[in-house]
Each structure stands twice: as C-alpha cells, then as structure tokens.
Amino acid sequence: MFNEAIKLTSGENVPVEMHKVRIVQKLNLLPIEERLKAMEGAGFNTFLLQNRDVFMDMLTDSGTNAMSDQQLAAMMVADDAYAGSESFNRLAEAIEEVFNKKLFLPVHQGRAAEHIISQVFVQKDGVVPMNFHFTTTKAHIEYAGGTVLEVFNDDALEIKSKKPFKGNIDIDKLKAAIRQHGKENIPYIRLEAGTNLIGGQPFSIENMREVRKVADENGLMIVLDVSLVGENVYFIKMREPEFKDKSVKEILHTMCDLADILYLSSRKFGCARGGGIATNNRELFLKMRDLIPLFEGFLTYGGMSVREIEAMAVGLREGLDWDMIKHSPEFIRYLVDSLDAQGIPVITPAGGLGCHLDATGFLPHLNSLDYPAGALGAALYIVSGARGMERGTISMDRDANGNDVPSEVELLRLAFPRRVFTLSQVKYVEDRIKWLWENRNLVGGLRFVEEPKVLRFFLGRLEATSDWPQKLMAKFRADFGDSL
Ligand code: F0G
C-alpha cells in the first residue's frame, strides 16, 4: 500500500508526490540512432555519456537530488569566511539535532571521510569487517594497507527474497572473523546503512544492537556510514515492529547512539554536495581532526562551499520529515513490484536508492566476463535514453595477478534521485525495460579497450563483442516505427 491516507475512486494505489515542482530542467530524448552513437562515443560506459544525451539520468542519486525552496533560500544567507563561519555553526547544530553527535568534522564528500578514517585507524594488514563494501570504501581501506571482510547473512545476495533486512551483519561470522584475525588487527567494524551494492537493502536496529554487543565484548568501535540512512530509517519504521510508532528522529538517534563514529556523503542524505564525520568521543575526534586542514580545508568548511554547507544543514533537517524520506523508496517499490509481477528479474524486496535489475537473470546467455550488467546498462540506454550504473564485474578491479574478479552479483542500478522523477517517467522506463526483456536475446557482451587500474568503472572504455547494438536498434525500429 502506498499513501494509505489517500484513496483513489478507481481503487488503484499509487505513490503520490507530497511536493510540487517549481523549478524544471528541460530534457532531451534523442532518436535511437543518436543514442547508439552517443553510447559508442562513451565507450559503452554510462559514466562517460554527456548528460545532454540522457533522458532519465538514473546513474546515481549522488548530488542529483531535487533541492527544496528552503535549501535554496538558505544558500543566499551563507556566511563566507575561511575560518569561524556562521554557516558551519548552523551545520554543526543540524548534525547534533539529526544524528545526536556533538563533534563534527566537515569534508567535501563521502569518500573524503573514508580517506580520513582509513588513514587514521586502518593499520597495514588491518581487517575491517562490514555488512558489505562500497567501492570507494574498499579502495580507501586498501589504500591504507588494510582489507575488507564482508560478514553478511547468506540470504543477502538472494535476488528474489522477502527478507526485510538483507543488510544485516551475520553475528556468527562476525565473531568468527574476530577470533580468526584477532581483535588487535581489527581497527573497527563498519556498518553501511541502506547497503548500496546489494540493492539499497537495510539493516535492523535489532541487528545493530547485537553488533554493538560484540564490539563491546572485544573493545572494538563501530563506524557507521549514514550516506543512505534516510531509506534505512524508512524500512525500520515499516518493517521492524518495535519502531512502528517512532519518529524518524527517534529511530535515527537510536541507530546513531550505537555507533562511535559516523560519516556521510550528503550528496545523498541531505540533498546537498558535501560530507562529514561526527562523533561524541573527543579522543577519536582529535585523532582525525588534524588531517582535515591537510586534505580538505580549514575546520569550518572542509572543502565545501559555504552555500552548500547552508543547503546541507537545511537538507539534513528535512531528512527528519517522513514525507521526504518515504518518497524515493515508494517510487522505487512501484517500479520494482511492477517489473517483478511481469517476471522480470529485479532485486526484491525493493530497497532504497534505486531499482536493481539482475543482469545474470536478465541475460543468462552471457557469462561474467562478458560484463552482463555493463551490457544491460548500454542496451537500456540505447532503447530508452535512461542511463543506469553497472554494479557488477566491471565495478570490481582486477586482482594482483591481473585477473578479472567476477562479482557476486551482476546488477544494473537505476537510481532514483530524491524528488526528481514523475510517475509517468517511471512508467516510461518500465515500458522500455519490458521491451528489452522481450528482446533480451539480442543483447551481447562487452570487452575493455581502455582500462584504468583503480576504480576502472568510472573511466574505462569498452566495445561490443559483436554487432549486437545495431541489431537491437533495428528491432526497435521494426517494433516502434519512427517513435522515439
Ligand atoms: N558510502 C556510500 C554508502 C555511498 O553510496 C557513497 C557514494 C559513498 C560512501 C561515497 O560518497 O560519492 O560523496 O564520495 N555513492 C555514490 C553512488 C557514488 O552513486 O552510489 P561520495
């Protein structure tokens, strides 16, 4: 059920936007011939497309959320000062109100926080257990000489599932990891809210309390990534009975009180472009503090513009509003449930962040070295103008011997930037996914022609392993005539 408070006479139930659109950006929908040219020009990598060639930009929800009138207004009263800016004080107050943490270090975005935390706490050969890695998190931990150890439940990677909390940590695996590696080699346990790479799946407070217990028994700290916390809170309220009647703020504080350090990319939660690290522990704060002026900027801006700092302060507070945080997961659920009902392989239950197509199930004739999630992303752009993001083997870098590391899941993520798309746009992309599903046998593989060593998914260039894109286009023209 969406919006139980709003009943339509038709009996149909749809998520209704609880905001109105007051600033718009014109979109282009190119003919398929030009979309194919744009895809070839981008080396079959959706990161390398020009936004002017994109109809629905579903690459990410990072820095692309709609901002509110209140955020835009706040940007006009920013206090421009290198040191001691009032804008910073307003942000620090918002951080305390939203996350219940008194000590705050600003950074320019989420990975900058990961850089600082990894440099300070991750020793050489240190092992960081976590529910699941994020690309930049893993890169920063490895850059500091450590490794990532994922201790998720066996069901976390099941594509079709009814499990409410696939982002939970498996407590037995966590305890075994601590026994095996020794607590002195574990700098911290990391928990990621709204676990990005497995489909925006949440963890429960019940699970986090158990993680806390294990951490306390072993004298370990918990670092919580709250970049996607809004959606995790939404799912806790919807799915964890104890929190059914609790406010967003109460749930957030319960969660944050269980962590020693938290950090975020406010390009996601907060709908601005910045980030930060927060804690109530002065000793930990002081350990990290000195790296901020070295890598980010003075302590009262941390690489952010004062305008973004003001927007972030307002955006974080707006994250306490139920109407605000429920919008994106409900739109995602609308698309996921429609695709699932048609037998199209998609991660269920619907998570936060986006709709995740399962490329292994979608393109079973490809193997992981054909890069099925990348191929599906290229094909969907060609047939619809919507660009998603590959979250599969291309997103894994090669191992030390230069071999591809097949990803455990091959996903095409279609992100829902918050409050950006309308329901008719969602219906359009649903229709094109359905057409692609019916014509899936036409989609072939990709291979690298230019491959960076680190985070290759950002800038790598690929090509089709056959003339499948041309055949796909010909079938589109045969079925749709001269329609866009
Ligand atoms: N942690 C999580 C859970 C993230 O999703 C991201 C970014 C980061 C950290 C890094 O933050 O981009 O501000 O440096 N995720 C983006 C995405 C890039 O598209 O999912 P950042």
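For clarity, every value in this text was computed on a predicted model and none was experimentally measured. Going along each chain's sequence as written, the residues are numbered from 1 onward. Reporting of local features is limited, given that this is a predicted model, to residues whose pLDDT is at least 70; pairs of side-chain atoms are given and counted only at 80 or more, and all residues count toward the totals for whole chains, interfaces and linings. The basis for the side-chain values is all heavy atoms of the structure; hydrogens and waters are excluded.

Notes on the overall build of the protein
Runs of H or I in DSSP of at least four residues are treated as helices and runs of E of at least two as strands, each being numbered from the N terminus. Looking only at helices and strands, the protein features 18 helices and 14 strands. Atoms counted for the radius of gyration: C-alpha only. Globule rule: 2.2 Å times the number of residues to the power 0.38. Taken over the C-alpha trace, the protein has a radius of gyration of 22 Å; the compact-globule value for 484 residues is 23 Å, and the two agree within 12%. Oriented by its inertia axes, the alpha-carbon framework of the protein measures out at about 65 × 55 × 45 Å. Each accessible area is a Shrake-Rupley result for a 1.4 Å probe, and residues are judged covered by the shown protein chains and nothing else. Total accessible area on the protein stands at roughly 19600 Å², and carbon and sulfur atoms take up 51% of it. The average position of the 57 basic charges and that of the 67 acidic charges among the side chains of the protein differ by 2 Å. Neither His nor the chain ends contribute to the count of charged residues, in which Lys and Arg are positive and Asp and Glu negative. A single reference atom marks each charge: NZ on Lys, CZ on Arg, CG on Asp, CD on Glu.

Here we look at the UniProt feature "modified residue: N6-(pyridoxal phosphate)lysine" (unreviewed entry) in the protein
UniProt positions are given in the numbering used here, feature names are shortened, and annotations may be inferred rather than shown by experiment. Using the residue numbers shown here, the UniProt feature "modified residue: N6-(pyridoxal phosphate)lysine" (unreviewed entry) corresponds to K268. Within the secondary structure layout, K268 lies in the loop between β7 (261-265) and β8 (275-279). Leave out the neighbours within four places in its chain, and K268 touches T60, D61, S62, N65, N196, S227, L228, L353 and R418. N or O atoms within 3.5 Å of each other form a polar contact, as long as, within protein, one can give a hydrogen and the other can take it, and as long as residues adjacent in sequence are counted only when both atoms are side-chain atoms. Here the side chain of K268 touches D61 through a polar contact of 2.6 Å, side chain to side chain. Working rule for contacts: check all heavy atoms of both residues, and any pair within 4.5 Å makes them a contact.

Points about the UniProt feature "domain: Aromatic amino acid beta-eliminating lyase/threonine aldolase" (unreviewed entry) in the protein
Here, the residues flagged by UniProt with the feature "domain: Aromatic amino acid beta-eliminating lyase/threonine aldolase" (unreviewed entry) are residues 57-430. Annotated as residues 57-430, this span is 42% helix and 13% strand, and its ends, taken at the C-alpha atoms, are 14 Å apart.

Regarding the packing of helix α15 (residues 372-384) against helix α18 (residues 468-480)
Between N-to-C directions, angles span 0 to 180 degrees; the directions come from axes that are lines fitted to C-alpha atoms, helices contributing only their stretch in contact. Viewed as axis vectors pointing N to C, α15 and α18 meet at an angle of 35°, and their least axial separation amounts to 10 Å. For the pair α15 and α18, the sense of crossing is right-handed. Contacts between α15 and α18 involve A375, A378, A379, I382 and V383 on the former and, on the latter, W468, P469, L472 and F476. Under the scheme applied, nonpolar residues are Ala, Val, Leu, Ile, Met, Phe, Trp, Tyr, Cys and Pro; charged residues are Asp, Glu, Lys and Arg; polar residues are all the others, including Gly. A breakdown of the residues in the contact of α15 with α18 according to their chemical character gives 9 nonpolar, no polar and no charged. Should the near helix be turned anticlockwise from the far one by less than a right angle, the crossing is termed left-handed; should it be turned clockwise, right-handed.

Details of the pattern of salt bridges
Throughout this description, the term salt bridge denotes a Lys or Arg side-chain nitrogen within 4 Å of a carboxyl oxygen of Asp or Glu. Counted under the stated rule, the structure contains 34 salt bridges. Across the pair K138 and E142 runs a salt bridge, and its minimum N-O distance is 3.4 Å. Of the two residues, K138 and E142 are both situated in helix α5 (residues 135-143); the distance of 4 residues between them amounts to about one turn of the helix. Classification of residues uses two cut-offs on accessible area relative to the type maximum, computed with a 1.4 Å probe and protein chains only: under 20% is buried, over 50% is exposed, and between them is partly exposed. A residue is classified by how much of its surface remains accessible, and E142, at 38% relative accessible area, is partly exposed. Between R398 and E451 there is a salt bridge, and its shortest N-O distance comes to 2.6 Å. Here R398, found in the loop between β11 (389-391) and β12 (411-415), pairs with E451, found in the loop between β13 (446-450) and α17 (456-459); they are 53 residues apart in sequence, far enough to count as distant. By sharing partners, the salt bridges in this structure join D61, E231, K268 and R418 into a single network.

Let's talk about the site of the ligand
With respect to spatial proximity, 16 residues lie near the ligand, and among them T60, R111, D225, S265 and R413 are the closest. Contacts to the ligand include Q109, whose side-chain N or O atom sits 2.8 Å from an oxygen atom. Within the side chain of K268, an N or O atom sits 2.9 Å from an oxygen atom of the ligand. Burial of the ligand by the surrounding chains reaches 96%, relative to a free accessible area of 470 Å². The leading source of residues in the shell around the ligand is helix α4 (residues 110-121), at 3 residues. Its residues assigned to classes, the shell around the ligand comprises 2 nonpolar, 7 polar and 7 charged. For each domain, the first and last residues come from an automatic or database assignment. Both domains that meet at the shell around the ligand, namely domain 1 (32-61 + 322-480) and domain 2 (69-318), each give it at least three residues. When at least one non-hydrogen atom of a residue lies within 4 Å of a molecule or strand, that residue is treated as near it.

Observations regarding the domain arrangement of the protein
A common way to express how large an interface is: the accessible area buried when the components associate. Assigned domains of the protein: these are domain 1 (32-61 + 322-480) and domain 2 (69-318). Between the C-alpha centres of domain 1 and domain 2 there is a distance of 27 Å. With a closest N to O distance of 2.6 Å, K160 and D340 form a salt bridge. Remark: the boundary between domain 1 and domain 2 carries 11 residue pairs in polar contact (both at pLDDT 80 or more). For the side of domain 1 that touches domain 2, the secondary structure elements donating two or more residues are α13 (322-341), β9 (354-358), β12 and α17. Sorting elements by how many residues they give to the side of domain 1 that touches domain 2 places α13 first, with 9 residues. Here the side of domain 1 that touches domain 2 is composed, by residue class, of 14 nonpolar, 7 polar and 11 charged.

Comments concerning a nonpolar patch on the surface
Together, I6, L8 and M18 line one region of the surface with nonpolar side chains, adding up to about 240 Å² of accessible area. Its location among the elements puts I6 in the segment before α1 (32-41). The patches described consist of residues with a relative accessible area above 30% and no salt bridge, like charges being joined within 9 Å and nonpolar side chains (Val, Leu, Ile, Met, Phe, Trp, Tyr) within 5 Å.

Notes on the packing of aromatic side chains
The criterion for an aromatic pair is that two Phe, Tyr or Trp rings (for Trp, the six-membered ring) have centres within 6.5 Å, with stacked assigned to planes under 30 degrees apart, edge-to-face to planes over 60 apart and tilted to the rest. Tallied over the full model, the rule gives 18 aromatic pairs. Between F47 and F457 the ring centres are 5.6 Å apart and the planes differ by 50°, which places this aromatic pair in the tilted class. Remark: F457 occurs in helix α17 and F47 occurs in the loop between α1 and β1 (56-57); sequence separation between them is 410 residues. Look at F457 and you get buried, because its relative accessible area is 3%. Taken together through their ring pairs, the aromatic side chains of F47, F457 and F458 make up a single cluster. When the ring centre of F476 is taken as origin, the NZ or CZ atom of R35, which lies over that ring, is 5.7 Å away. By definition here, charges over rings are those cases where NZ of Lys or CZ of Arg is within 6 Å of the ring centre and within 35 degrees of the ring normal. Over the ring of W322 we find K237; its NZ or CZ atom is 5.5 Å from the centre of that ring.

A closer look at the sheet that holds β12
Within the open sheet, the 3 strands sit side by side as β9-β12-β11. Their pairing is antiparallel. Strands with a single pairing partner mark the edges of an open sheet, and in this sheet they are β9 and β11. Across the sheet, the mean angle separating the axes of adjacent strands is 30° when strand polarity is ignored. A pair of strands is labelled paired if DSSP reports no fewer than 2 bridges between them. Bridge count between β9 and β12: 5 bridges; the pairing is antiparallel. Within β12, the position partnered with D358 by the bridge is L411.

Looking at the packing of helix α7 (residues 205-217) against helix α9 (residues 248-257)
Look at α7 against α9: their axes get within 10 Å of each other, and the N-to-C directions meet at 20°. Here α7 is positioned roughly parallel relative to α9, judged by the angle of their axes. In terms of crossing hand, the pair formed by α7 and α9 is left-handed. When α7 is examined against α9, the residues I205, M208 and R209 are found in contact with a partner set consisting of I251, T254 and M255. When an angle is under 35 degrees it counts as roughly parallel; over 145 it counts as roughly antiparallel; between 65 and 115 it counts as roughly perpendicular; any other value is oblique.

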